[in-house]
Amino acid sequence: MSINKGDIVEIELADLANGGDCVGRYDDLAVFVPGGVPGELVKIRITEKKKNYARGEIVEVLRRAPERVEAECPVSGICGGCQLQHIAYEKQLEYKRKMMKDLLERIARLEDPEVQPVFPAPHPFFYRNKAQFPLARDSEGKIIAGFYERGSHEIVPLDSCQIQHPLINRTMKKTLEILNDYPTLTVYNEKTHKGLLRHLVIRTGVCTNQVLLVLVTSGKELPNKEEIAERVMKEIPELAGVLQNINPERSNVVLGKETGVIAGRDYYLDYIGNVRFAISINSFFQVNTLQTRNLYDFVVDFAGLTGKETVIDAYCGIGSISLYLAERAGEVIGIEEVPAAIEDAGKNARLNDINNCRFITGRVEDKLPELLAEGKKPDLIVFDPPRKGLAREVIEAVIGVKPEKIVYVSCNPATLARDLALFKEDYDVRKVQPVDMFPNTYHVECVTLMSRVEK
Ligand SMILES: C[S@@+](CC[C@H](N)C(=O)[O-])C[C@H]1O[C@@H](n2cnc3c(N)ncnc32)[C@H](O)[C@@H]1O
């Protein structure tokens, strides 16, 4: 019996897949369903049919799982931001651990890997320190901000977002109110590429209560920008600065290359533990500040430093792991490709009076093999790559010199598992500790300790 787009069928949901959809089977075909809970019997409408799989949307939950909860957010069913809000938090953590274990077995081919229980976040809501709201006009012509609807480019208007920090929500609302006082301002349209205002980017220092607002525009001319910035800063005294970023590109990338200060300054401050950070708008900073401290404490614990070691922090961003480890190491060398982040890293070392770190601008694929070829012998390498994981040449260069320990911080279990498979001959996986940096979403962050196999 085959199914087609538009058919209504009943299926039992078996598991949660990487991506947050539930997966069930209909006549041996895998069917992916958002908004489900494993164990539920659901009536679905088929929305897409491919050769090897199908997708469906829930029409009715026929047998409800006990862990299904009422999502706190009024748009959780349509906004693509949170995939797991309808599942009790403790259960989300169990699913994330299982997902991690399955991938390590299936892709890294580790036998019965011991994955620790996921370390829960201190706050499952209002934790994000960074938001990028696309702008649009509603049917009454008012400027609105929101998120893209799941699987589309339609904007879902938002009054406040349940996972963004309250200061971000307040800044977003006030900024919109003020922008709406200037009826001649135009809003960018993705299809026609006409219009000025594209995004509001808002970042906040959770431990300092500072906030930075960026108006992203398609062109240079932003009428009344000084007046707008002055008014927003008056309404939100926590604002460290209001910036304009110019992004004329026809792409999904939010920030363009050029940023100017309209009022205040171009960075904000935050803390992880005792280390203070100045963060500029182009630099990566972990989005869950309070949980980052716990993440880094696992890195410290796994690193087991005595104060003498040479450490390489590959993909160092603004030097946050480097500076967190510095007082426990002999020397730390950070590598990062974004020049503004390296500038921030240097500033942050000075801000904290740390003198045993140096930072190199460049791609890890180039700079790490260069360092190792020059004879640098790290005792520990910390990897914290973007979602795509490590390039093969990076893994080969490391295996060539075999440092005693590697601590791999990953935000993508699938690429982590792929990379661990390539290290397998030379490194044993000692500890796998998932840390919930992104409650209510499917994302899993994980710290893995590997130690050299003595042959
Ligand atoms: C997941 S972030 C980690 C940053 C930092 N360790 C932290 O905890 O804040 C990854 C970083 O790698 C940088 N990056 C991405 N690809 C890179 C590459 N090929 N070489 C060097 N840095 C890269 C990004 O700019 C980003 O700062």
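Structure shown above.
This report concerns the structure included in the present document. (Residues numbered from 1 in each chain as written. Predicted model: local features only at pLDDT ≥ 70, side-chain atom pairs only at ≥ 80, totals over all residues. Heavy atoms only, no water.)

**Details of the overall build of the protein**
Regarding its fold elements, the protein presents 9 helices and 21 strands. Against the 2.2 N^0.38 benchmark of 23 Å for 455 residues, the protein shows a C-alpha radius of gyration of 23 Å, consistent with a compact globule. The proportion of buried residues among the 455 residues of the protein is 54%. Contacts spanning at least 24 positions in sequence make up 64% of the contacts within the protein whose residues lie at least 6 apart. Averaging the positions of the 59 positive and the 66 negative side-chain charges in the protein gives two centres separated by 2 Å. (Helix = DSSP H or I, 4+ residues; strand = E, 2+ residues; numbered from the N terminus. Rg over C-alpha atoms; globule rule 2.2 N^0.38 Å. Buried < 20%, exposed > 50% of the residue type's maximum accessible area, 1.4 Å probe, protein only. Contact = heavy atoms within 4.5 Å. Lys, Arg positive; Asp, Glu negative; His and termini not counted. Charge placed at Lys NZ, Arg CZ, Asp CG, Glu CD.)

**Quick look at the environment of Gly-151**
Residue position: Gly-151 is located in the loop between β7 (143-148) and β8 (155-157). Judged by its relative accessible area of 88%, Gly-151 falls in the exposed class.

**Digging into the packing of helix α1 (residues 89-106) against helix α9 (residues 413-423)**
Packed helices, taken two at a time, are described by their axes: the angle between them and the distance between them. Orientation of α1 relative to α9, taken along the N-to-C sense of each, is 30°, at an axis distance of 9 Å. Considering their axes alone, α1 and α9 lie roughly parallel with respect to each other. As α1 packs across α9, the resulting crossing turns out to be right-handed. Here Met-100, Leu-103 and Leu-104 of α1 lie close against α9, whose contacting residues are Pro-413, Ala-414, Leu-416, Ala-417 and Leu-420. Looking at the contact of α1 with α9 residue by residue, the classes come out as 8 nonpolar, no polar and no charged. (Axes fitted to C-alpha atoms, helices over the stretch in contact; angles between N-to-C directions. Parallel < 35°, antiparallel > 145°, perpendicular 65-115°, else oblique. Left-handed = near helix turned anticlockwise from the far one by under 90°. Nonpolar A, V, L, I, M, F, W, Y, C, P; charged D, E, K, R; others polar.)

**Thoughts on helix α4 (residues 289-303)**
Relative to the 21 Å expected for 15 residues at 1.5 Å per residue, α4 spans 21 Å between its end C-alpha atoms, a close match to the ideal helical length. Residues Thr-289, Gln-291, Thr-292, Leu-295, Tyr-296, Phe-298, Val-299, Val-300, Phe-302 and Ala-303 constitute the buried set of α4. Buried residues along α4 sit in contact with β13 (267-272), α5 (320-326), β18 (380-383), β19 (405-410), β20 (427-435) and β21 (445-452). In the segment just after α4, Gly-304 is the residue with positive phi, at about 55°. (Expected span 1.5 Å × (residues − 1).)

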